[in-house]
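So the chains spell out like this:
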Amino acid sequence: MNENNKRKVKKTIGRPLKTDPAIFRYSLSLNEEENARFLALFDKSDMQVKAHFIKSCLFDKTVKTIQIDKGTVDFYMRLTSFHTQFRNVGVNYNQIVKLLYKNFSEKKASAYLFKLEKQTTEMAMLCRQIIELIDEFEVKNLKK
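Residues numbered from 1 in each chain as written. Predicted model: local features only at pLDDT ≥ 70, side-chain atom pairs only at ≥ 80, totals over all residues. Heavy atoms only, no water.

Report on the packing of helix α2 (residues 32–45) against helix α3 (residues 50–58), specifying residues and quantitative values.
Two elements in contact, α2 and α3, have axes whose closest approach is 11 Å; the angle formed by their N-to-C orientations is 95 degrees. It follows from the interaxial angle that α2 and α3 lie roughly perpendicular. Contacts between α2 and α3 pair Phe-38, Leu-39, Leu-41, Phe-42 and Ser-45 from the former with Lys-50, Phe-53 and Ile-54 from the latter. In terms of residue class, the contact of α2 with α3 is built from six nonpolar, one polar and one charged. (Axes fitted to C-alpha atoms, helices over the stretch in contact; angles between N-to-C directions. Helix = DSSP H or I, 4+ residues; strand = E, 2+ residues; numbered from the N terminus. Parallel < 35°, antiparallel > 145°, perpendicular 65-115°, else oblique. Contact = heavy atoms within 4.5 Å. Nonpolar A, V, L, I, M, F, W, Y, C, P; charged D, E, K, R; others polar.)

This is the structure:
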């Protein structure tokens, strides 16, 4: 009776068995040129495992290739950081206006606001130029 219990315990310990294990293995030899071509295709496929890539090629599954343009990614990252800075300037602008009216007389506050308005118009023109550059970049590089 003890022997039967021990056998049952041993069967439940360990990794569960696969229903359809992969037991067939194949070997493939490539020369340098073929290996370079294979590795280039593998890199473009964005797959993590070479065996999965080979299976997808053999069984005519679609092979996904992705080309990442470093310039476009860099442009996007810089544009995102610029947008964050631009929003921070807007928050600071609101805080400055509140502080001017709170801490200064009406005459001084209006004088400082006049200077601030000049800077704001310059920033608005800069923003228009940036939008034009973005549109130009999209037409040249992204709409392929």
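Back to the text.
Tell me about a nonpolar patch on the surface, and please be specific about residues and values.
A cluster of nonpolar side chains, namely Ile-68, Val-73, Tyr-76 and Met-77, defines an oily patch on the protein surface of about 450 Å² accessible area. Relative to the helices and strands, Tyr-76 is located in helix α4 (residues 70–103). Exposure remark for Tyr-76: the relative accessible area of 55% places this residue in the exposed category. (Patch = residues over 30% accessible without salt bridge, like charges linked within 9 Å, V, L, I, M, F, W, Y side chains within 5 Å. Areas by Shrake-Rupley, 256 points an atom, 1.4 Å probe, with all protein chains shown as cover. Salt bridge = Lys/Arg side-chain N within 4 Å of Asp/Glu carboxyl O. Buried < 20%, exposed > 50% of the residue type's maximum accessible area, 1.4 Å probe, protein only.)

With reference to specific residues and values, describe α2.
Taking 1.5 Å as the rise per residue, α2 with 14 residues should run 20 Å; its terminal C-alpha atoms sit 20 Å apart, in good agreement. Buried within α2 are the following residues: Phe-38, Phe-42 and Ser-45. What you see down the axis of α2 is that its buried residues fit within an arc of 60 degrees, all on one side. Turned more than 90 degrees from where α2 packs its buried face, Glu-32, Glu-33, Arg-37 and Asp-43 sit exposed. Considering only its buried residues, α2 is in contact with α3. The backbone nitrogen of Glu-33 lies 3.3 Å from a side-chain oxygen of the residue at the head of α2, namely Asn-31. (Expected span 1.5 Å × (residues − 1). Arc of directions from axis to C-beta. Polar contact = N/O pair within 3.5 Å; in protein donor to acceptor, adjacent residues only side chain to side chain.)

Now, about the pattern of salt bridges: what can you tell me, with residues and values included?
Evaluated as defined, the whole model comprises one salt bridge. A salt bridge links Asp-74 to Arg-78; the nearest nitrogen and oxygen atoms lie 3.2 Å apart. In this pair, Asp-74 and Arg-78 are both assigned in helix α4, four residues apart and thus about one turn of the helix distant.

Report on the packing of aromatic side chains, specifying residues and quantitative values.
The geometry of an aromatic ring pair is captured by two quantities: the separation of the ring centres and the angle between the planes. Inspection of the entire model under this criterion finds four aromatic pairs. Taken together, a centroid distance of 5.6 Å and an interplanar angle of 55 degrees make the contact between Phe-38 and Phe-53 tilted. Residue Phe-38 is located in helix α2, and its partner Phe-53 is located in helix α3; the two are separated by 15 residues in the primary sequence. Comparing Phe-38 with Phe-53 shows no difference in burial state: the two are buried. These aromatic residues form a ring-pair network of at least three members: Phe-38, Phe-42 and Phe-53. (Phe/Tyr/Trp six-rings, centres within 6.5 Å; stacked < 30°, edge-to-face > 60°.)

By themselves, these figures tell us nothing about what the structure is for.
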